[in-house]
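Observations on the three-dimensional arrangement
Here's the letter readout for the chains.
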Amino acid sequence: MEEIFSRNVVSTVTIEKLDEVYVRVFSDPSIEQELAEFFTYEYPGARFTPQYRARLWDGKVRLYDQVRKTLYVGLVEYVEQFCERNDYLLTWKTDFNKLNGITHEDVEKFAKWLEPHGRGKPIEIRDYQVEAVKTALDKERTLLLSPTASGKSFIIYTTLRWHLEHKRKSIIIVPTTSLVEQLYTDFEDYSSVNGWNVDKNCQKLYSGFTKDITKNVLITTWQSVYLQPKSWFAQFDVIFGDEAHQFKAKSLTTVMEKMDKIRYRIGTTGTLDNKKVHRLVLEGIFGPMHRVTTTKQLMETQKLAQLNITCIVLKYDEELRKARKNNTYQDEMDFIVGHYPRNKFIRNLAVKSSGNTLVLFQYVEKHGKVLHDMIKGKVHKVNEDRKIFFVYGGTETTDREAIRHITEGETDAIIIASFGTFSTGINIPSIENIIFASPSKSKIRNLQSIGRGLRLKDGKTSCNLFDIADDLHWKSWKNHTLNHAAERYKTYAEEESKTKIVEVDLC
């Protein structure tokens, strides 16, 4: 009896592949409970949701389903960590974790064979781009963290062309119609000398385009395809999810779960927020994260413009601050965007800025249109030739593209645009100044917006960001947007950006 109890009993965890979305993870009930707890996270902001307040939901996200015993395929590496940490034996019922043996040299040779060009100039293949493509091809699924101007669209193009050479049909999902057009245009640019006919091989799909897929590459928005049945997605072999951080929404993950036959999954994004549960969902549906490079490294190697951040803290008089004490967030926002002296300050800042300037706002009617009218009125009193553009969700995709191209030929234009239309993915290298006219605490939105100005162009070496904050505190009470400003400053510090804070008294 003593001998029996002295033996080491090894607990076992078994993984079996269910499809291209899920694996099943089996073990003793007690270990499955541990696993469920390991993959359970508080959902950010859950306490503010109606379901939580009605006690219909405890505010937690459970990535491991104890009933079905399922977990996203992309989270298998975390199961390995779990087993290693707890000294559990991990066994595999399905052998699906092997690499394809594709080397850095294989990809580098292929990329050079493509003879890529951009704006008529040869594109030099960078080592980190080759490594990103190699990771996507070798591991078959990955989430590429690739910051602005690191050549994300070229990484997609090279990976796509490799899959096409192997007779694989691809779907590329982007968040906006503008990005459908931009990616299509980028592909045309890269193919300008290698003879690949983009029109013959690529098809666009959003409102007004046919859902009858006749080509080997589909570039579309998630809104255009999320109602399609699972059988429709079965025609594809490869899925690219560009700006993948937006795939956290339930409708987007539902789309990905319909693609249970698609083996190759590549997510790309320039930024991830600090919320672990969001990263795990993205890694789950695409694959383990691979950091392509960093913004700091690109600046140090002069692949990006230097970023100069000026945090402008607007100071309000004592009587006004006392009157705003304990305002709700929405009341505070309504006051801020409607406050004439504040809008006048933004107007003057935009008009006095030298070079192409992007003014970003949140609310169209009560702020964007007001700023547009004020800026346009001021500018045209002194210079009728200076171009002013206004872009928001209601602006047609073709008009947005036209504005983007026109701006590239300008040196002193002003674009007043909503965060939703111009914060993500839009490529305008000529932007030299960015003004945050509306406060935000979203790390992703802020970093994506900054990225609009970091691309290099002949004669451009730096970009100026003017981050406007509002000090409405009263004694020990701090207003909501001032707290949000603190979160932005924390992000700038994490990114090691050159930052200075300037206080301005509003008249």
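The structure contained in this document is the topic of the report that follows. (Residues numbered from 1 in each chain as written. Predicted model: local features only at pLDDT ≥ 70, side-chain atom pairs only at ≥ 80, totals over all residues. Heavy atoms only, no water.)

**Quick notes on the overall build of the chain**
If you tally the helices and strands in the chain, you get 22 helices and 22 strands. Computed over the C-alpha atoms, the radius of gyration of the chain is 25 Å, within 12% of the 23 Å expected from 2.2 N^0.38 for a compact globule of 507 residues. Its C-alpha atoms give the chain principal-axis dimensions of roughly 90 × 60 × 45 Å. Taking all 507 residues of the chain together, 55% fall into the buried category. Within the chain, contacts between residues separated by at least 24 positions form 75% of all contacts whose residues are at least 6 apart in sequence. For the chain, the exposed area adds up to about 24,000 Å²; of that, 48% sits on carbon and sulfur atoms. Averaging the locations of the 74 positively and 68 negatively charged side chains of the chain gives two centres separated by 4 Å. (Helix = DSSP H or I, 4+ residues; strand = E, 2+ residues; numbered from the N terminus. Rg over C-alpha atoms; globule rule 2.2 N^0.38 Å. Buried < 20%, exposed > 50% of the residue type's maximum accessible area, 1.4 Å probe, protein only. Contact = heavy atoms within 4.5 Å. Areas by Shrake-Rupley, 256 points an atom, 1.4 Å probe, with all protein chains shown as cover. Lys, Arg positive; Asp, Glu negative; His and termini not counted. Charge placed at Lys NZ, Arg CZ, Asp CG, Glu CD.)

**A closer look at unusual backbone geometry**
Residue E140 is not a glycine yet carries a positive backbone phi of 75 degrees. Tracing the backbone through its elements, the reader meets E140 in the loop between helix 6 (127–139) and strand 9 (141–145). Judged by its relative accessible area of 13%, E140 falls in the buried class. A positive phi is found at Q302, a non-glycine position, where the angle reads about 60 degrees. Take Q302: it is sitting in the loop between helix 14 (295–300) and strand 16 (306–315).

**Structural notes on the sheet that holds strand 14 (residues 264–269)**
Reading across the sheet, the seven strands line up as 11-12-10-13-14-9-15 and stay open at both edges, with parallel pairing between neighbours. On the outer flanks of this sheet lie strand 11 (202–205) and strand 15 (289–291), each paired with one strand and no other. Strand-to-strand twist in this sheet, taken as the mean axis angle between neighbours without regard to direction, amounts to 20 degrees. Where strand 9 lies against strand 15, three bridges are found, and the strand directions are parallel. Bridged to L144 within strand 15 is H290. (Pairing = 2+ DSSP bridges. Axes fitted to C-alpha atoms, helices over the stretch in contact; angles between N-to-C directions.)

**Focus: the packing of aromatic side chains**
Applying the stated rule across the entire model yields 21 aromatic pairs. Geometrically, the ring pair formed by Y157 and Y190 is tilted, given 5.2 Å between the ring centres and 55 degrees between the ring planes. Of this pair, Y157 sits in helix 7 (residues 152–165) while Y190 sits in helix 8 (residues 177–190); the two residues are 33 residues apart in sequence, bridging distant segments of the chain. In terms of burial, Y157 and Y190 fall into one category: buried. Three or more aromatic residues joined by ring pairs make a cluster, and in this case those are F154, Y157, F187, Y190 and W196. (Phe/Tyr/Trp six-rings, centres within 6.5 Å; stacked < 30°, edge-to-face > 60°.)

**Brief notes about a positive patch on the surface**
Together, K344, K352, K378 and K381 give the surface a local cluster of positive charge. Along the polypeptide, K381 turns up in helix 18 (residues 364–382). (Patch = residues over 30% accessible without salt bridge, like charges linked within 9 Å, V, L, I, M, F, W, Y side chains within 5 Å. Salt bridge = Lys/Arg side-chain N within 4 Å of Asp/Glu carboxyl O.)

**Things to note about the sheet that holds strand 19 (residues 414–418)**
The seven strands lie next to each other as 18-19-17-20-21-16-22, forming an open sheet whose pairing is parallel. Both edges of this open sheet fall to strand 18 (388–391) and strand 22 (498–505), since each of them pairs with a single strand only. Taking each pair of neighbouring strands and ignoring which way they run, the sheet shows an average axis angle of 20 degrees. For strand 17 (residues 356–361) and strand 19, the ladder comprises five bridges, and the chain directions are parallel.

**Thoughts on the nonpolar core**
Ranked by internal contacts, the top residues of the largest apolar core, which has 61 residues, are L160, I172, F187, I219 and I434. Top contributing element to this core by residue count: helix 7, with seven residues. (Core = buried A, V, L, I, M, F, W, Y, C linked by side-chain atoms within 4.5 Å.)

**Observations regarding empty space enclosed by the protein**
Evaluated as defined, the whole model comprises one cavity of 30 Å³ or more. The computed volume of the largest cavity comes to approximately 30 Å³. Surrounding the largest cavity, V107, A111, I125, Q129, V130, V133, F154 and T158 form its lining. Elements represented by at least two residues in the lining of the largest cavity include exactly helix 5 (104–113), helix 6 and helix 7. Counting residues per element, the lining of the largest cavity draws most heavily on helix 6, at three residues. Looking at the lining of the largest cavity, its residues break down into six nonpolar, two polar and no charged. (1 Å grid on protein atoms, 1.4 Å probe; cavity = no way out; pocket = protein on both sides within 12 Å on 5 of 7 lines; lining within 4 Å. Points joined across faces, edges and corners; volume = space filled by probe spheres on them. Nonpolar A, V, L, I, M, F, W, Y, C, P; charged D, E, K, R; others polar.)

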